[in-house]
Amino acid sequence: MTLNSYKILKNFKGSLSVIVVTLLFLLMVFPLFWMFSCSIRPESEIFIRPPHLFPASPTLASYISQISSITFNVWKSFQNSFIISTATMILSVILSTGSAYGLARYNIRGKKLIIFLFLMSQMLPQVFTLVPNFIIFKNIGIFNTYFAPIMANATIAIPFCVLMMRTYFLSVPKEIDDAASIDGCNAFKSFLLIMLPISATGLVVSFVFSFLFGYGDMVYSLTYVTNSEMWPITTGIYNVVGRYGIEWSRAMAFGFLTAMPVLLIFIFMQKFIVQGLTSGAVKG
C-alpha cells in the first residue's frame, strides 16, 4: 500500500467515524427535540399530517398552564423530588464507599457471593420489591413519609455505587496503603484522606447516578406515599390525563420540564461522568 493510499484510507475511516457518530447523536437527540417541538404547538397541530419538524404557530401556553396549574403544584413537586434525590444520593454514597473499600481491600468471607448478590439486585425489576418494602416500611413507621421512597431508591443506588467504587479501589496499588501505614495512618485515615481523593471521579459518578435513581422514581413514591403533597415531579404525568383523553401538548411540556434537571446535570458534569465511567472500567 502506497503512502497516498494509506492517507486516503485513514481519512475515509476518520470521516466515516464522524458520520456514524453524528447519525447516532441525532438519533438519540431527536426524541428530546420532538418533545420540545410538540410542547410549543397548539393541540390542533400535534397530529397534523404530514408532521412538521417545527410548529407553524409556536406558543408557550402549555408551559404556562403547567407552571400556573392549581391542581398540580410544579414547584412543590420539584422540591419533593430534590429532597428525595439528594437524601438518596447522600445515603447511598456514604454507605457504598465504605462497603466498596472493604470488598476491594480485605479478604472477607463470602466476598464473591456478596458481589454476585449486588449484581443480581441490579437485574431485579422494581415491582419485585414493592410488597416486601411495603410491609417493612409499614412496620417500622416510615410509610407515607419521605423516608420510604428514599430507602427504596437507596436499595437500587447502593449496589450500583458499590460495584462502581470497588473497581476504583481495586485500581489503586496496595503499596499506597502500605506507605500510609508507615506514615502513621490507620485504616480509616488512609481510606478518608488518601483513597477517597484518589477515587474522586468515581465518587462524582456515584453521586450523579444515585441522584438520578432518586429523581427518576415514580413507582416507589406512588406506592409508599399516599399524601399527594409529598409526591415528586415524576408523578405529575397524571395531571395531563384528562377525562376525555391526554392533552399531548401539556404532556410534552411536562416531560420537557421534568427532563431539564437531568439534561443540565449531564451537560455540566459530562467531563467527570465520562472520565469516571472509563476510569472505573480498568479492573473488575
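Before reading on, note that the structure itself is shown above.
Residues numbered from 1 in each chain as written. Predicted model: local features only at pLDDT ≥ 70, side-chain atom pairs only at ≥ 80, totals over all residues. Heavy atoms only, no water.

## Observations concerning the overall build of the chain
Link 1 in the chain: From N to C terminus, the chain includes 11 helices and 2 strands.
Link 2 in the chain: Secondary structure elements of the chain, listed N to C terminal, follow the sequence α-α-α-α-α-α-α-α-α-α-β-β-α.
Link 3 in the chain: Taking 19 Å as the expected radius of gyration for a compact globule of 284 residues, we find that the chain reaches 24 Å, considerably beyond that expectation.
Link 4 in the chain: By its C-alpha atoms, the chain is 75 × 70 × 30 Å across when sized along the principal axes.
Link 5 in the chain: In the chain, which comprises 284 residues, the proportion classed as buried is 37%.
Link 6 in the chain: Counting contacts in the chain only where the partners sit at least 6 residues apart, residues at least 24 apart contribute 74% of the total.
Link 7 in the chain: Counting 18 positive and 9 negative side-chain charges, the chain places the centres of these two groups 9 Å from one another. (Helix = DSSP H or I, 4+ residues; strand = E, 2+ residues; numbered from the N terminus. Rg over C-alpha atoms; globule rule 2.2 N^0.38 Å. Buried < 20%, exposed > 50% of the residue type's maximum accessible area, 1.4 Å probe, protein only. Contact = heavy atoms within 4.5 Å. Lys, Arg positive; Asp, Glu negative; His and termini not counted. Charge placed at Lys NZ, Arg CZ, Asp CG, Glu CD.)

## Focus on helix α9 (residues 200-215)
Link 1 in the chain: In a regular helix each residue adds 1.5 Å, so 16 residues correspond to 22 Å; α9 covers 22 Å between its end C-alpha atoms and thus fits that length.
Link 2 in the chain: Judged by how many residues are buried, α9 sits mostly within the fold: 12 of 16 residues are covered.
Link 3 in the chain: Three or more residues of α9 are buried, namely Thr-201, Gly-202, Leu-203, Val-204, Val-205, Ser-206, Val-208, Ser-210, Phe-211, Leu-212, Gly-214 and Tyr-215. (Expected span 1.5 Å × (residues − 1).)

## Considering helix α6 (residues 147-171)
Link 1 in the chain: In this model, α6 (25 residues) spans 35 Å end to end at C-alpha, consistent with the 36 Å of a helix rising 1.5 Å per residue.
Link 2 in the chain: Of all the bends in α6, the greatest reaches close to 30° and is centred on Thr-155; the proline Pro-159 follows between one and four positions later. (Bend = angle between axes of the 7 residues up to and from the residue.)

## Examining the packing of aromatic side chains
Link 1 in the chain: In total, this model carries 19 aromatic pairs according to the counting rule given.
Link 2 in the chain: Here the aromatic rings of Tyr-101 and Tyr-106 are separated by 6.1 Å at their centres, their planes lie at 80°, and the arrangement is edge-to-face.
Link 3 in the chain: The exposure class assigned to Tyr-101 is buried, which follows from its relative accessible area of 7%.
Link 4 in the chain: The exposure class of Tyr-106 is partly exposed, given its relative accessible area of 40%.
Link 5 in the chain: Between Phe-211 and Tyr-215, the aromatic rings sit 6.3 Å apart at their centres with planes inclined by 10°, giving stacked as the arrangement. (Phe/Tyr/Trp six-rings, centres within 6.5 Å; stacked < 30°, edge-to-face > 60°.)

## Overview of the environment of Arg-49
Link 1 in the chain: Secondary-structure assignment places Arg-49 in the loop between α1 (3-39) and α2 (61-67).
Link 2 in the chain: Of the residues examined, Arg-49 reaches a relative accessible area of 64% and is grouped as exposed.
Link 3 in the chain: Side-chain polar atoms of Arg-49 contact the backbone oxygen of Phe-47, separated by 3.4 Å. (Polar contact = N/O pair within 3.5 Å; in protein donor to acceptor, adjacent residues only side chain to side chain.)

## Concerning the environment of Ile-108
Link 1 in the chain: By the element assignment, Ile-108 lies in the loop between α3 (74-105) and α4 (111-123).
Link 2 in the chain: Separated by 11 residues in the primary sequence, Ile-108 and Leu-119 have C-alpha atoms spaced 17 Å apart.
Link 3 in the chain: Ile-108 has contacts with Gly-102 and Leu-103, leaving out every residue within four places of it along the chain.

## Some thoughts on the side chain of Ser-37
Link 1 in the chain: Within the secondary structure, Ser-37 sits in helix α1.
Link 2 in the chain: Judged by its relative accessible area of 3%, Ser-37 is buried.
Link 3 in the chain: A distance of 2.8 Å separates the side chain of Ser-37 from the side chain of Arg-41, its partner in a polar contact.
Link 4 in the chain: For Ser-37, the residues in contact, after removing those within four places along its chain, are Leu-53, Phe-54 and Pro-55.

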